[in-house]
Amino acid sequence: MKRRDFLKFCALGIAGIFLARVTKLFSFGEKLDHSLKEASFYRQADDLAG
Amino acid sequence: MKKVECELCPRHCRIEEGGRGNCRIRTNVGGKLYSLVYGKPCAVHIDPIEKKPFFHILPGSSAFSIATAGCNLHCKFCQNWEISQRPPEETQNMDLPPEEVVRQAMAHNCRSIAYTYSDPVVFYEYTYDTSSLAQKQGLLNVLVTAGYIEQKPLVELCKVIHAANVDIKSMSDDFYRNMSEATLKPVLDCVVTMKKMGLWVEITNLLVPTLNDSEKDIRSLCRWILQNGGADMPLHFSRFWPLHKLQNLPPTPVETLTRAWDIAKEEGLHYVYVGNVPSHPGNNTYCPNDGKLLIGRQGFEVTENHVIDGKCEYCGTQIPGIWR
């Protein structure tokens with residue numbers, strides 16, 4: 001019983017994580033809008049301080 | 001978490017993943033910056049070109065006018081705040097890709113497309129792509145803008161734009177900081193660059209009672225225009241209406257507008273106009289040489305036109321502008 005419960009728990013956990021990831025992929029805070037246009041003038045800011 | 005830095009306007013917003021720029025319409029998704037409003041205007045109208053205002057471009061013609069939500073200034077006196085100070089989720093947006101803008105402009109016999117109402121700087125990519133297509137079809141592209149843009153994107157945009165009306169709200173940097181959350185210098189640089197790039201430029205100054213309507217303010221503006229744009233650069237004084245965050249102020253008195261009109265002519269500007277006051281003589285264009293009425297206007301309607309082949313019909317003086 002204990003082993004089955006544990007496996008069920010793991011399966012539920014994996015399913016939950018998967019759902020959360022899928023939801024995030026299609027959410028854009030709200031929804032990912034496929035008509036987004038990449039901006040023309042910007043740069044990566046990771047190398048900047050602050 | 002990849003941050004991006006927008007380089008479109010002097011704010012240089014640093015935007016976290018999922019965040020937005022100050023303009024409310026540019027966002028970081030997966031370390032790339034996107035426009036949220038490309039092809040999605042919230043305002044589409046056919047207006048007389050005089051409404052923009054442009055008084056020296058194709059008089060009596062129609063401008064297909066578009067705008068999206070958002071703006072990179074936050075003027076307390078904004079006359080279009082209901083779209084400029086909102087994100088696109090809070091405006092009613094249409095699906096109108098660039099090619100459709102051009103098609104509809106031509107279908108409605110518009111001679112120009114105006115990128116206006118909010119600020120075309122913030123919907124830059126949409127403005128640029130639409131302008132590129134429109135130019136190939138023989139349409140004029142005209143901007144109505146606060147001019148708060150970095151030089152590099154401005155130079156690129158100027159290659160597909162024919163004319164601009166730029167708001168110079170004041171010659172005081174403090175005014176820009178306190179009233180618009182911006183700075184003055186980039187705006188002045190914008191006007192200078194546009195002129196160097198060969199655009200036709202007209203200036204608008206919204207006169208807000210007690211804030212930028214002193215004689216010193218007006219003369220300072222006129223002298224800057226004379227020095228940097230020349231006597232032939234048109235200047236429109238526009239009447240403020242109490243809106244947005246300045247509802248405590250009265251509308252600009254007509255006497256203030258008339259005084260500004262007189263001062264600007266005294267300073268040597270050839271083409272000075274008064275906006276939002278029907279039947280004011282400042283609605284008309286006069287020949288700087290013989291003083292004759294060249295273009296009569298009643299509101300935005302042209303009632304008579306004596307500019308023939310770009311010249312005064314009476315004395316032959318060249319009148320600057322885009323007349324065909």
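Residues numbered from 1 in each chain as written. Chains lettered and ligands numbered in written order. Predicted model: local features only at pLDDT ≥ 70, side-chain atom pairs only at ≥ 80, totals over all residues. Heavy atoms only, no water.

*Asks:* Tell me about the overall build of chain B, and please be specific about residues and values.
*Replies:* Of the regular secondary structure elements, chain B holds eight helices and 17 strands. Whereas a compact globule of 324 residues would reach a radius of gyration of roughly 20 Å, chain B reaches 19 Å, a difference of no more than 12%. Its C-alpha atoms put chain B at 65 × 45 × 35 Å along the principal axes. Classification of the 324 residues of chain B by burial places 58% in the buried group. Partitioning the intrachain contacts of chain B with sequence separation of at least 6 by distance along the chain shows that 65% fall at a separation of at least 24. Element-wise, carbon and sulfur atoms account for 49% of the exposed surface of chain B, whose accessible area totals about 12900 Å². (Helix = DSSP H or I, 4+ residues; strand = E, 2+ residues; numbered from the N terminus. Rg over C-alpha atoms; globule rule 2.2 N^0.38 Å. Buried < 20%, exposed > 50% of the residue type's maximum accessible area, 1.4 Å probe, protein only. Contact = heavy atoms within 4.5 Å. Areas by Shrake-Rupley, 256 points an atom, 1.4 Å probe, with all protein chains shown as cover.)

*Asks:* Please give an account of the sheet that holds strand S1 (residues 37-38) of chain A that cites residues and values.
*Replies:* One open sheet holds the three strands; their spatial order is S1(A)-S4(B)-S3(B), and the pairing between them is antiparallel. Each having just a single partner strand, S1 of chain A together with strand S3 (26-29) of chain B make up the two edges of the open sheet. Of the strand pairs in this sheet, S1(A) and strand S4 (residues 32-35) of chain B are connected by two bridges, and their pairing is antiparallel. In the strand pairing of S4(B), Glu38(A) is matched with Tyr34(B). (Pairing = 2+ DSSP bridges.)

*Asks:* For helix H8 (residues 254-267) of chain B, give the residues involved together with the corresponding values.
*Replies:* Residue and element names in this part refer to chain B. An ideal rise of 1.5 Å per residue puts 20 Å on 14 residues; H8 measures up with 20 Å between its terminal C-alpha atoms. Turning to H8, its buried residues are Thr 256, Leu 257, Ala 260, Trp 261, Ile 263, Ala 264 and Glu 267. Each buried residue of H8 sits inside an arc of 165° when the element is viewed along its axis, so together they form one side. Residues of H8 that are exposed and angled more than 90 degrees away from the buried face: Glu 255 and Glu 266. Check the buried side of H8 and you find it contacts strand S10 (200-207), helix H7 (215-228), strand S11 (235-239) and strand S12 (272-275). With its phi angle positive at about 110°, Gly 268 sits one or two positions after the end of H8. (Expected span 1.5 Å × (residues − 1). Arc of directions from axis to C-beta.)

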